[in-house]
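A structural walkthrough
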Amino acid sequence: MKDPETMQELVLLMTRCNRRTEGCLTTSEVGRQMGLTPREMFRRLKRRGVIRYDKLMRCYMLHGDYRGRQLMLYRCCIYYSREGEPKMKQYPVWTPGGAEVIRQIAAEEDEE
């Protein structure tokens, strides 16, 4: 286990990282608002070329024309390995504008 000072630094870093994501929604939250399961929401976004899974970063990222439009940010969380070591990972969240874009994309797929 890491020493308390290192843990405090990790928590401070995570808090700073997450502060800018206030008001953002996860893909699962947006999907549930539309009556879709998280899995179906991710499938639709991947099919439409909005997101792709980056194996190196180990998370979903915006793809193509959707990059650089301030649609997505990343939220951090701490978890513990089986050995009890604290680790940090990040996952994407949608800005209010990004959530609206993916709602429109998911709704367009319903119409097709």
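So, here's what we can say about the structure. All figures in this text were calculated on a predicted structure; none of them were measured in a lab. (Residues numbered from 1 in each chain as written. Predicted model: local features only at pLDDT ≥ 70, side-chain atom pairs only at ≥ 80, totals over all residues. Heavy atoms only, no water.)

What follows deals with the pattern of salt bridges. Enumeration according to the criterion identifies 6 salt bridges in this entry. Where Arg-47 meets Glu-40, a salt bridge forms, and the shortest distance between an N and an O atom there is 3.4 Å. Here Arg-47 falls in the exposed class, since its relative accessible area comes to 52%. Two residues, Asp-54 and Arg-52, come together in a salt bridge whose shortest N-O distance is 3.4 Å. Its relative accessible area of 29% is what places Arg-52 among the partly exposed residues. A single network of salt bridges, built from pairs that share partners, joins Glu-40, Arg-43, Arg-44 and Arg-47. (Salt bridge = Lys/Arg side-chain N within 4 Å of Asp/Glu carboxyl O. Buried < 20%, exposed > 50% of the residue type's maximum accessible area, 1.4 Å probe, protein only.)

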